[in-house]
Protein chains: 2
Amino acid sequence: MTETTPRQRARLETEAQITQIGNRMIDEGGVAGLSLRAIARELGVVSSAVYRYVKSRDELLTILIRDAFTQIADEVDAALEDERSVQALALSMLDWSRRFPSRWALIYGTPVPDYEAPRQETVVPGTRVMVALTQLIATAAETVGGGDPRNAGSHSASRPGAKAGSGSTDTTTVSALGPLRDGLKELGIDCDDAVILRTLSVWVAIIGAINGLRFGQFGPGFDDYEDDLVRALIADLGF
Amino acid sequence: MTETTPRQRARLETEAQITQIGNRMIDEGGVAGLSLRAIARELGVVSSAVYRYVKSRDELLTILIRDAFTQIADEVDAALEDERSVQALALSMLDWSRRFPSRWALIYGTPVPDYEAPRQETVVPGTRVMVALTQLIATAAETVGGGDPRNAGSHSASRPGAKAGSGSTDTTTVSALGPLRDGLKELGIDCDDAVILRTLSVWVAIIGAINGLRFGQFGPGFDDYEDDLVRALIADLGF
DNA sequence: TAACAAAAGTGAGCACCGCTCTTGTTTTCT
DNA sequence: AGAAAACAAGAGCGGTGCTCACTTTTGTTA
């Protein structure tokens, strides 16, 4: 059953070719280098023909974004099988970003103008890595903090510049983390607010660091120290 | 002396007009919305005439990037005059990003393809905020750590998932921070490696968090909690 | 004041882009 | 075999950055 006619086969093949060429174009020229006309040219077909397979450039972009999310998540998962640690997660992300800088920019850089990825299509692959990090930090909190994961992995003990009466840590935290907590719950994950906050801290630091490296915002000269830098960062964050 | 001829005056005025329109276009349509032809149209002039005032679209982009860096740095400086704290710095950055999301994307998002801002033109304004943060954290380390700023503001004491023999904290840290240390020295700032690392941690977290909020990477529902979220984050980082 | 040179503005044109629409061809299904 | 669906072609619309030869304006200088 479900016999694939040659027609369907050809169609799938062409679609695969298009996404493949699209991926290569992004790798070579960033998101700006993605041109349906150029793809048509490479396919040896007139430009309008491509629109039989893809509704618009944005639709192709959505596909490539989803693919990129899946790729990095697969790699991170593989890395975590060797060593379940925050450091391993961060380093595998860094490694992927180094090999596919344009794809990294595609998913963690500035969103494409006048276009937002349909959440229905991209949330699941797009959150896999963050979910993995959450679970990593949740288990880390358990094994350390014992019965009270509240302060496990947290180090708000010694904070130099904090004013005493600020009162922003415990009360308001709850509501601010609401959307994230809800999002995790939708994915079937239910964990403590302290874990969520801690995860968020580490997450934004990782993304920020890799973005800084990839986008050259720290200046030049880091080529040989990227891994060391991220390692030091993760360590400074307490992992 | 230095008399400004009407000719020069007109030229400067037109240049100012161009950057002003350019800024507005970016605000409205992101970096993709910046069109020299549209600027010419708005100026009531033929498209090629704009090239008398600006060499290329990229050059205009450089100007707008430098401006944006200066603007946010000015705002952060003003905020720090009221309250010298990491939180105030982060919140003023967040506020600026909220008012000028496209400009934020311009300077902290994906760099424009096939174009890198001439460092000579952008480093100084582009590093002002980070320098301010460095000094903030340096003084915080002094007032707390006393004679030894090494562990001040640092909390690598309790790190759950860290393996003992990792050895990545002290030895490799030095070389990995080299480029940053050099960059700071060029700007006349000389501080401890611990301070640099701590600054980097906080910096990437702030940038990562604001990027996440601005680019919608955390999902929807944060509109009313942005400040609280950043406050919680800064607190979690120990400030 | 008249002549001149520099600066500013013009308009056509090149090569690209995304996308649409009409026409013709080919394949598949009934 | 004929109808229907899928595919490809080609022209065309409006947009982009940028160049080049040319004219007009402007300020200075002889």
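Cut-offs applied
Residues numbered from 1 in each chain as written. Chains lettered and ligands numbered in written order. Predicted model: local features only at pLDDT ≥ 70, side-chain atom pairs only at ≥ 80, totals over all residues. Heavy atoms only, no water. Helix = DSSP H or I, 4+ residues; strand = E, 2+ residues; numbered from the N terminus. Buried < 20%, exposed > 50% of the residue type's maximum accessible area, 1.4 Å probe, protein only. Areas by Shrake-Rupley, 256 points an atom, 1.4 Å probe, with all protein chains shown as cover. Near = heavy atom within 4 Å. Polar contact = N/O pair within 3.5 Å; in protein donor to acceptor, adjacent residues only side chain to side chain. Nonpolar A, V, L, I, M, F, W, Y, C, P; charged D, E, K, R; others polar. Expected span 1.5 Å × (residues − 1). pLDDT = per-residue confidence, 0-100. Contact = heavy atoms within 4.5 Å. Phe/Tyr/Trp six-rings, centres within 6.5 Å; stacked < 30°, edge-to-face > 60°. Axes fitted to C-alpha atoms, helices over the stretch in contact; angles between N-to-C directions. Parallel < 35°, antiparallel > 145°, perpendicular 65-115°, else oblique. Left-handed = near helix turned anticlockwise from the far one by under 90°. Salt bridge = Lys/Arg side-chain N within 4 Å of Asp/Glu carboxyl O. Core = buried A, V, L, I, M, F, W, Y, C linked by side-chain atoms within 4.5 Å. Domains from an automatic or database assignment.

1. Some remarks on the overall build of chain A
Each helix and strand counted, chain A has 10 helices and zero strands in total. Sequence-ordered secondary structure for chain A, helices as α and strands as β, is α-α-α-α-α-α-α-α-α-α. Put simply, chain A has 239 residues, and 48% of those count as buried. Element-wise, carbon and sulfur atoms account for 49% of the exposed surface of chain A, whose accessible area totals about 11,600 Å².

2. As for the protein's contact with DNA strand C
In the vicinity of DNA strand C there are 23 residues, among which A:Arg37, A:Arg41, B:Ser48, B:Arg52 and B:Tyr53 approach most closely. Considering DNA strand C, the proportion of its atoms within 4 Å of the protein that are sugar or phosphate atoms stands at 54%. The separation between a phosphate oxygen of DNA strand C and a polar side-chain atom of A:Arg41 is 2.4 Å. Within the backbone of B:Val46, an N or O atom sits 3.0 Å from a phosphate oxygen of DNA strand C. The element contributing the most residues to the surface near DNA strand C is helix α2 (residues 36-43) of chain A, with four residues.

3. Section: the protein's contact with DNA strand D
Residues in contact with DNA strand D amount to 20 residues; listed here are only the nearest, A:Arg11, A:Ser48, A:Arg52, B:Arg37 and B:Arg41. Per the 4 Å cut-off to the protein, sugar and phosphate atoms form 54% of the nearby atoms of DNA strand D. Within the side chain of A:Arg52, a nitrogen or oxygen atom sits 2.7 Å from a base nitrogen of DNA strand D. The side chain of B:Tyr51 places a nitrogen or oxygen atom 3.3 Å from a phosphate oxygen of DNA strand D. A total of three residues in the surface near DNA strand D trace back to one element, the largest contributor, which is helix α2 (residues 36-43) of chain B. For the surface near DNA strand D, the residue count by class is seven nonpolar, five polar and eight charged.

4. Re helix α3 (residues 57-82) of chain B
A rise of 1.5 Å per residue sets the reference length of α3(B), with its 26 residues, at 38 Å; its end C-alpha atoms lie 38 Å apart and thus fit the reference within 8%. Those residues of α3(B) that fall on the buried side of the exposure criterion are B:Leu60, B:Leu61, B:Thr62, B:Leu64, B:Ile65, B:Ala68, B:Phe69, B:Ile72, B:Ala73, B:Val76 and B:Leu80.

5. Notes on the confidence of the model for chain A
The pLDDT averaged across chain A works out to 85; a share of 82% of its residues lies at or above 70. Between residues 145-169 of chain A, whose pLDDT stays under 50, and residues either more than four places distant or in other chains, the model counts 41 contacts.

6. Digging into the packing of aromatic side chains
In total, this model carries 10 aromatic pairs over all chains according to the counting rule given. On the numbers, 4.5 Å between centres and 45° between planes, the contact of A:Trp104 with A:Tyr108 is tilted. Taken together, the positions of A:Trp104 and A:Tyr108, both in helix α5 (residues 101-108) and four residues apart, correspond to about one turn of that helix. You'll find A:Trp104 and A:Tyr108 in the same group, each marked buried. Each ring, one from B:Tyr108 and one from B:Trp203, has its centre 6.1 Å from the other, and the planes form 70°; the classification is edge-to-face. One end of the pair, B:Tyr108, is in helix α5 (residues 101-108); the other, B:Trp203, is in helix α9 (residues 193-214), and 95 residues separate them in sequence. In this structure, B:Tyr108 and B:Trp203 share a single accessibility class: buried. Joined through ring pairs, the aromatic side chains of A:Phe69, A:Trp104, A:Tyr108 and A:Trp203 make up one cluster.

7. Digging into the packing of α9(B) against helix α10 (residues 226-236) of chain B
All names here are of chain B. Where α9 contacts α10, the two axes come as close as 11 Å, and the packing angle between them is 155°. Relative to α10, α9 is oriented roughly antiparallel. Where α9 crosses over α10, the two elements pack in a sense that is right-handed. Residue-level contacts link Ala205, Ile206, Ala209, Leu213 and Arg214 of α9 to Glu226, Leu229, Val230, Leu233 and Ile234 of α10.

8. Details of the pattern of salt bridges
Per the counting criterion, the structure on display carries 35 salt bridges over all chains. B:Glu13 serves as the salt-bridge partner of B:Arg9, at 3.6 Å between the closest nitrogen and oxygen. Highlighted residues: B:Arg9 and B:Glu13, both in helix α1 (residues 6-29), separated by four residues, approximately one helical turn. Connected through salt bridges with shared partners, the residues A:Glu75, A:Asp95, A:Arg98, A:Arg99, A:Arg214, A:Glu226 and A:Asp227 form a single ionic network.

9. Quick look at the nonpolar core
Ranked by internal contacts, the top residues of the largest apolar core, which has 148 residues, are A:Leu89, A:Met93, A:Trp203, B:Leu89, B:Met93 and B:Trp203. Each of domain 1 (1-54) and domain 2 (68-236) of chain A contributes no fewer than three residues to this core. Not counting residues within four places of it along the chain, the set of residues in contact with B:Met93 comprises B:Ile72, B:Val76, B:Trp104, B:Tyr108, B:Val129, B:Trp203, B:Ile206, B:Ile207 and B:Ile210.

10. Examining the packing of helix α8 (residues 178-186) of chain B against α9(B)
All names here are of chain B. Between α8 and α9, whose axes approach to 11 Å, the crossing angle comes to 100°. Here α9 runs roughly perpendicular to α8, going by the angle between their axes. Of the residues in α9, those in contact with Leu180, Arg181 and Leu184 of α8 are Asp193, Ile196 and Leu200. The class makeup of the residues in the contact of α8 with α9 is four nonpolar, no polar and two charged.

11. Topic: the environment of A:Ala38
All names here are of chain A. Looking at the secondary structure, you find Ala38 in helix α2. Its relative accessible area of 17% is what places Ala38 among the buried residues. Along the sequence, Ala38 and Met25 sit 13 residues apart, while their C-alpha atoms lie 9.2 Å from each other.

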